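Remarks on the overall topology
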Amino acid sequence: MPTTMNPQFSNPNAIAGAGEEIYKTLRAELEASQHGKFVAISIESKAYYIGDSPEEALEKAKAAEPQGIFHLVRVGFPGAFRISHAIQKSPSNWLFQ
Amino acid sequence: MPSKNPLLTGYFNNGGHPALKVRVYGVFPDLKQEFEVMIDTGFTGFLLMPIMSAFPLGLPLLGTGNYTLADNSTSAKLLAHGNVIIGDEDPVTGIVVLEPNECTVLLGMDFLRRAKRCLSVSVKGVALTDEDTVEHFLTAIATHVAASGTPKVITEESKD
(Lines give C-alpha, C1' and ligand atoms only; values in the text may rest on other atoms or scores of the structure.)
Protein backbone atom coordinates (compact mmCIF):
# COMPACT_ATOMS: atom_id res chain seq x y z
CA MET A 1 0.00 0.00 0.00
CA PRO A 2 1.25 3.53 -0.58
CA THR A 3 3.10 5.20 2.27
CA THR A 4 1.00 8.35 1.71
CA MET A 5 -2.26 6.46 2.02
CA ASN A 6 -5.42 8.49 2.35
CA PRO A 7 -6.17 8.39 6.11
CA GLN A 8 -9.79 7.76 5.22
CA PHE A 9 -8.63 4.30 4.12
CA SER A 10 -6.45 3.44 7.10
CA ASN A 11 -8.56 0.53 8.23
CA PRO A 12 -9.78 -2.52 6.29
CA ASN A 13 -13.46 -1.89 6.93
CA ALA A 14 -13.19 1.59 5.39
CA ILE A 15 -11.47 0.13 2.32
CA ALA A 16 -14.01 -2.66 1.97
CA GLY A 17 -16.91 -0.23 2.54
CA ALA A 18 -15.64 2.16 -0.13
CA GLY A 19 -15.09 -0.77 -2.50
CA GLU A 20 -18.58 -2.11 -1.95
CA GLU A 21 -20.05 1.37 -2.62
CA ILE A 22 -18.23 1.53 -5.97
CA TYR A 23 -19.28 -2.05 -6.75
CA LYS A 24 -22.96 -1.13 -6.24
CA THR A 25 -22.67 1.19 -9.25
CA LEU A 26 -21.11 -1.60 -11.37
CA ARG A 27 -23.13 -4.56 -10.11
CA ALA A 28 -25.85 -4.66 -12.78
CA GLU A 29 -23.37 -4.37 -15.67
CA LEU A 30 -20.89 -6.92 -14.25
CA GLU A 31 -23.45 -9.48 -13.10
CA ALA A 32 -24.96 -9.52 -16.59
CA SER A 33 -21.70 -10.38 -18.29
CA GLN A 34 -18.99 -11.42 -15.81
CA HIS A 35 -20.67 -13.81 -13.37
CA GLY A 36 -18.12 -15.74 -11.28
CA LYS A 37 -15.18 -13.54 -12.32
CA PHE A 38 -13.04 -11.67 -9.80
CA VAL A 39 -12.93 -7.87 -9.86
CA ALA A 40 -10.30 -5.72 -8.15
CA ILE A 41 -11.74 -2.24 -7.58
CA SER A 42 -9.39 0.69 -7.06
CA ILE A 43 -10.69 2.65 -4.11
CA GLU A 44 -9.14 5.92 -5.25
CA SER A 45 -9.44 5.91 -9.06
CA LYS A 46 -12.67 3.81 -9.04
CA ALA A 47 -11.25 1.81 -11.99
CA TYR A 48 -11.81 -1.94 -11.95
CA TYR A 49 -9.83 -4.92 -13.22
CA ILE A 50 -11.38 -8.29 -14.09
CA GLY A 51 -9.72 -11.71 -13.86
CA ASP A 52 -10.59 -15.40 -13.80
CA SER A 53 -8.80 -15.74 -10.46
CA PRO A 54 -8.15 -13.39 -7.52
CA GLU A 55 -4.47 -13.34 -8.50
CA GLU A 56 -5.20 -12.35 -12.10
CA ALA A 57 -7.53 -9.50 -11.13
CA LEU A 58 -5.12 -8.12 -8.52
CA GLU A 59 -2.07 -8.52 -10.78
CA LYS A 60 -3.80 -6.49 -13.51
CA ALA A 61 -4.80 -3.88 -10.92
CA LYS A 62 -1.27 -3.63 -9.47
CA ALA A 63 0.27 -3.36 -12.94
CA ALA A 64 -2.06 -0.47 -13.82
CA GLU A 65 -1.88 1.27 -10.43
CA PRO A 66 1.23 0.20 -8.50
CA GLN A 67 0.32 2.43 -5.55
CA GLY A 68 -3.37 1.60 -5.62
CA ILE A 69 -5.52 0.16 -2.85
CA PHE A 70 -7.98 -2.43 -4.08
CA HIS A 71 -11.09 -4.17 -2.89
CA LEU A 72 -11.62 -7.64 -4.32
CA VAL A 73 -15.11 -8.83 -5.26
CA ARG A 74 -16.38 -12.03 -6.87
CA VAL A 75 -19.18 -11.13 -9.24
CA GLY A 76 -22.49 -12.67 -8.16
CA PHE A 77 -21.17 -13.88 -4.78
CA PRO A 78 -21.38 -12.24 -1.34
CA GLY A 79 -17.65 -12.74 -0.74
CA ALA A 80 -14.50 -13.10 -2.82
CA PHE A 81 -13.68 -16.23 -0.79
CA ARG A 82 -15.73 -18.79 1.05
CA ILE A 83 -14.66 -20.62 4.15
CA SER A 84 -16.41 -23.49 5.89
CA HIS A 85 -13.96 -24.01 8.75
CA ALA A 86 -15.05 -22.29 11.96
CA ILE A 87 -13.10 -19.09 12.46
CA GLN A 88 -13.72 -17.05 15.54
CA LYS A 89 -15.64 -13.91 14.64
CA SER A 90 -13.79 -10.73 15.54
CA PRO A 91 -15.12 -9.49 18.87
CA SER A 92 -13.06 -6.33 18.67
CA ASN A 93 -13.04 -6.24 14.87
CA TRP A 94 -9.69 -4.88 13.70
CA LEU A 95 -6.31 -3.98 15.09
CA PHE A 96 -6.39 -0.77 13.06
CA GLN A 97 -9.34 1.44 13.87
CA MET B 1 14.44 -25.93 -12.48
CA PRO B 2 14.04 -28.84 -10.04
CA SER B 3 11.79 -31.67 -11.16
CA LYS B 4 8.39 -31.81 -9.55
CA ASN B 5 8.04 -34.36 -6.77
CA PRO B 6 5.07 -36.51 -7.86
CA LEU B 7 4.04 -37.19 -4.26
CA LEU B 8 4.15 -34.90 -1.22
CA THR B 9 3.18 -36.53 2.03
CA GLY B 10 1.14 -34.79 4.69
CA TYR B 11 -0.26 -36.00 7.99
CA PHE B 12 -3.21 -35.53 10.33
CA ASN B 13 -2.93 -32.70 12.85
CA ASN B 14 -4.04 -32.89 16.49
CA GLY B 15 -7.63 -32.17 15.44
CA GLY B 16 -7.56 -35.05 12.92
CA HIS B 17 -7.53 -32.74 9.88
CA PRO B 18 -5.16 -33.16 6.91
CA ALA B 19 -2.08 -31.02 7.47
CA LEU B 20 1.28 -30.18 5.97
CA LYS B 21 4.40 -28.18 6.83
CA VAL B 22 4.98 -25.24 4.46
CA ARG B 23 7.27 -22.22 4.35
CA VAL B 24 5.77 -18.79 3.60
CA TYR B 25 7.36 -15.50 2.55
CA GLY B 26 6.51 -12.26 0.75
CA VAL B 27 9.08 -10.35 -1.29
CA PHE B 28 12.25 -11.56 0.45
CA PRO B 29 12.86 -15.33 0.60
CA ASP B 30 15.22 -14.80 3.56
CA LEU B 31 12.20 -13.90 5.70
CA LYS B 32 10.46 -17.22 5.14
CA GLN B 33 9.09 -19.10 8.13
CA GLU B 34 7.67 -22.57 8.55
CA PHE B 35 4.03 -23.13 9.49
CA GLU B 36 1.82 -26.14 9.99
CA VAL B 37 -1.14 -25.61 7.66
CA MET B 38 -4.46 -27.38 7.62
CA ILE B 39 -5.59 -28.36 4.13
CA ASP B 40 -9.18 -27.12 3.93
CA THR B 41 -11.16 -27.95 0.79
CA GLY B 42 -13.99 -25.77 2.16
CA PHE B 43 -11.76 -22.68 1.82
CA THR B 44 -11.84 -21.37 -1.75
CA GLY B 45 -8.77 -19.13 -1.33
CA PHE B 46 -5.02 -19.75 -1.43
CA LEU B 47 -3.75 -19.28 2.13
CA LEU B 48 -5.32 -17.82 5.27
CA MET B 49 -3.20 -16.89 8.28
CA PRO B 50 -3.32 -14.72 11.41
CA ILE B 51 -2.08 -11.22 10.73
CA MET B 52 0.31 -11.40 13.69
CA SER B 53 2.09 -14.36 12.07
CA ALA B 54 2.22 -12.52 8.74
CA PHE B 55 3.95 -9.34 9.99
CA PRO B 56 7.49 -10.85 10.16
CA LEU B 57 7.15 -12.34 6.67
CA GLY B 58 6.91 -8.98 4.87
CA LEU B 59 3.91 -9.81 2.70
CA PRO B 60 3.06 -6.85 0.39
CA LEU B 61 -0.47 -5.64 1.11
CA LEU B 62 -2.93 -5.39 -1.78
CA GLY B 63 -6.18 -4.22 -0.20
CA THR B 64 -9.23 -6.01 1.08
CA GLY B 65 -11.71 -8.70 0.16
CA ASN B 66 -14.78 -10.13 1.83
CA TYR B 67 -15.04 -13.73 2.75
CA THR B 68 -18.22 -15.63 3.44
CA LEU B 69 -18.45 -17.87 6.48
CA ALA B 70 -20.47 -21.07 6.83
CA ASP B 71 -23.41 -19.12 8.32
CA ASN B 72 -23.42 -16.90 5.18
CA SER B 73 -22.18 -13.84 7.10
CA THR B 74 -19.42 -11.87 5.40
CA SER B 75 -16.34 -10.26 6.86
CA ALA B 76 -13.77 -7.87 5.34
CA LYS B 77 -10.14 -9.03 5.54
CA LEU B 78 -6.83 -7.60 4.42
CA LEU B 79 -5.25 -9.33 1.42
CA ALA B 80 -1.55 -9.67 0.66
CA HIS B 81 0.73 -11.34 -1.86
CA GLY B 82 2.54 -14.42 -0.59
CA ASN B 83 4.65 -17.38 -1.67
CA VAL B 84 4.24 -20.90 -0.32
CA ILE B 85 6.92 -23.60 -0.52
CA ILE B 86 6.34 -27.28 0.22
CA GLY B 87 9.47 -29.36 0.69
CA ASP B 88 12.00 -28.63 -2.06
CA GLU B 89 9.39 -27.51 -4.58
CA ASP B 90 9.34 -24.18 -6.39
CA PRO B 91 7.37 -21.45 -4.57
CA VAL B 92 3.71 -21.03 -5.50
CA THR B 93 2.43 -17.45 -5.47
CA GLY B 94 -1.07 -16.43 -4.47
CA ILE B 95 -3.31 -14.18 -2.41
CA VAL B 96 -3.04 -14.50 1.37
CA VAL B 97 -6.09 -13.65 3.50
CA LEU B 98 -5.02 -12.01 6.77
CA GLU B 99 -7.20 -12.91 9.73
CA PRO B 100 -7.09 -10.41 12.65
CA ASN B 101 -7.70 -13.14 15.24
CA GLU B 102 -5.53 -16.07 16.20
CA CYS B 103 -6.50 -19.00 13.96
CA THR B 104 -5.24 -22.14 12.26
CA VAL B 105 -3.30 -21.45 9.06
CA LEU B 106 -5.39 -22.78 6.18
CA LEU B 107 -4.31 -23.90 2.73
CA GLY B 108 -7.28 -23.76 0.35
CA MET B 109 -8.49 -24.91 -3.04
CA ASP B 110 -6.82 -22.04 -4.90
CA PHE B 111 -3.45 -23.36 -3.67
CA LEU B 112 -4.19 -26.87 -5.02
CA ARG B 113 -5.26 -25.31 -8.34
CA ARG B 114 -2.18 -23.11 -8.65
CA ALA B 115 0.24 -25.82 -7.50
CA LYS B 116 -1.49 -28.37 -9.77
CA ARG B 117 -1.85 -30.83 -6.90
CA CYS B 118 -4.49 -33.43 -6.18
CA LEU B 119 -5.38 -34.06 -2.52
CA SER B 120 -5.87 -37.66 -1.40
CA VAL B 121 -7.02 -38.40 2.14
CA SER B 122 -7.55 -41.84 3.63
CA VAL B 123 -7.30 -43.36 7.10
CA LYS B 124 -3.70 -44.25 6.21
CA GLY B 125 -2.59 -40.71 5.52
CA VAL B 126 -2.59 -37.55 3.43
CA ALA B 127 -0.95 -37.08 0.04
CA LEU B 128 -0.67 -34.22 -2.44
CA THR B 129 -0.13 -35.84 -5.81
CA ASP B 130 1.05 -34.14 -8.98
CA GLU B 131 -2.06 -33.49 -11.09
CA ASP B 132 -0.35 -34.69 -14.31
CA THR B 133 0.66 -37.96 -12.64
CA VAL B 134 -2.95 -38.51 -11.50
CA GLU B 135 -4.19 -37.74 -15.01
CA HIS B 136 -1.79 -40.30 -16.53
CA PHE B 137 -2.89 -42.83 -13.92
CA LEU B 138 -6.59 -42.23 -14.65
CA THR B 139 -5.96 -42.40 -18.41
CA ALA B 140 -4.17 -45.74 -17.93
CA ILE B 141 -7.14 -47.09 -15.93
CA ALA B 142 -9.61 -45.84 -18.55
CA THR B 143 -7.52 -47.47 -21.32
CA HIS B 144 -7.36 -50.74 -19.39
CA VAL B 145 -11.12 -50.69 -18.75
CA ALA B 146 -11.83 -49.92 -22.42
CA ALA B 147 -9.60 -52.82 -23.50
CA SER B 148 -11.12 -55.32 -21.10
CA GLY B 149 -14.75 -54.39 -21.63
CA THR B 150 -17.31 -52.61 -19.48
CA PRO B 151 -16.41 -52.88 -15.78
CA LYS B 152 -18.83 -54.96 -13.78
CA VAL B 153 -20.72 -52.85 -11.27
CA ILE B 154 -21.13 -54.72 -8.01
CA THR B 155 -24.30 -53.86 -6.12
CA GLU B 156 -25.73 -55.17 -2.87
CA GLU B 157 -28.10 -57.36 -4.90
CA SER B 158 -25.50 -58.79 -7.32
CA LYS B 159 -22.52 -59.40 -5.02
CA ASP B 160 -23.71 -62.87 -3.94
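A quick note: this is a predicted structure, and the numbers were derived from the prediction, not measured. (Residues numbered from 1 in each chain as written. Chains lettered and ligands numbered in written order. Predicted model: local features only at pLDDT ≥ 70, side-chain atom pairs only at ≥ 80, totals over all residues.)

Some thoughts on the confidence of the model for chain B
All names here are of chain B. Looking at chain B, the pLDDT average stands at 88 and 91% of residues meet or exceed 70. The element-level mean pLDDT for chain B is lowest in helix α3 (residues 131-148), coming to 83, with strand β4 (residues 47-50) highest at 96. The complex model carries a pTM of 0.83, and its ipTM stands at 0.81. (pLDDT = per-residue confidence, 0-100. Helix = DSSP H or I, 4+ residues; strand = E, 2+ residues; numbered from the N terminus.)

Quick word on the interface of chain A and chain B
With 27 residues of chain A at the interface, the matching set in chain B holds 29 residues. Elements with a contribution of two residues or more to the side of chain A that touches chain B: α1 (12-33), α2 (54-64), β3 (70-74) and β4 (81-82) of chain A. Residue contributions to the side of chain A that touches chain B peak at five residues, all from α1 of chain A. For the side of chain A that touches chain B, a count of residues per class yields 16 nonpolar, eight polar and three charged. (Contact = placed C-beta atoms within 7 Å. Nonpolar A, V, L, I, M, F, W, Y, C, P; charged D, E, K, R; others polar.)

Some points on the nonpolar core
Most often, soluble globular proteins have nonpolar side chains that are buried together. Judged by nonpolar contacts, the single largest core of 56 residues is most densely connected at Val39, Ala40, Phe70 and Leu72 of chain A together with Val37, Leu47 and Val96 of chain B. When sequence neighbours within four positions are dropped, the list of residues in contact with Ala40 of chain A reads Tyr48, Tyr49, Ala57, Leu58, Ala61, Phe70 and Leu72 of chain A. (Core = buried A, V, L, I, M, F, W, Y, C linked by C-beta atoms within 7 Å. Buried ≥ 20, exposed ≤ 12 C-beta atoms within 10 Å, placed from the backbone.)

Points about the pairing of β3 of chain A
Burial analysis of β3 of chain A places five of its five residues in the buried class, the great majority of the element. Taking every second residue as pointing to the same face, both faces of β3 of chain A are buried, with Phe70, Leu72 and Arg74 of chain A on one and His71 and Val73 of chain A on the other. As paired strands, strand β1 (residues 38-42) of chain A and β3 of chain A are joined by five bridges and run antiparallel to one another. Following the sheet pairing, Ser42 of chain A is matched in β3 of chain A by Phe70 of chain A. Where β3 of chain A meets strand β5 (residues 61-68) of chain B, three bridges bridge the pair, whose relative direction is parallel. (Pairing = 2+ DSSP bridges.)

As for the pairing of strand β6 (residues 74-85) of chain B
Residue and element names in this part refer to chain B. With nine of its 12 residues buried, β6 lies for the most part within the structure. Where strand β2 (residues 18-25) lies against β6, three bridges are found, and the strand directions are antiparallel. Note on β6: the bridge partner recorded for Arg23 is Ile85. Pairing between β5 and β6: seven bridges, direction antiparallel. Opposite Leu61, over in β6, you have Ala80 as the bridge partner. Between β5 and β6, which pair antiparallel one after the other, the connecting turn spans five residues, and Asn72 there sits at a positive phi close to 70 degrees. By the bridge criterion, seven bridges tie β6 to strand β7 (residues 92-99) in an arrangement that is antiparallel. Looking at β7, one finds that Leu79 is bridged to Val97. Linking two consecutive strands that pair antiparallel, namely β6 and β7, is a turn of six residues; a positive phi of about 55 degrees is found at Gly87 within it.

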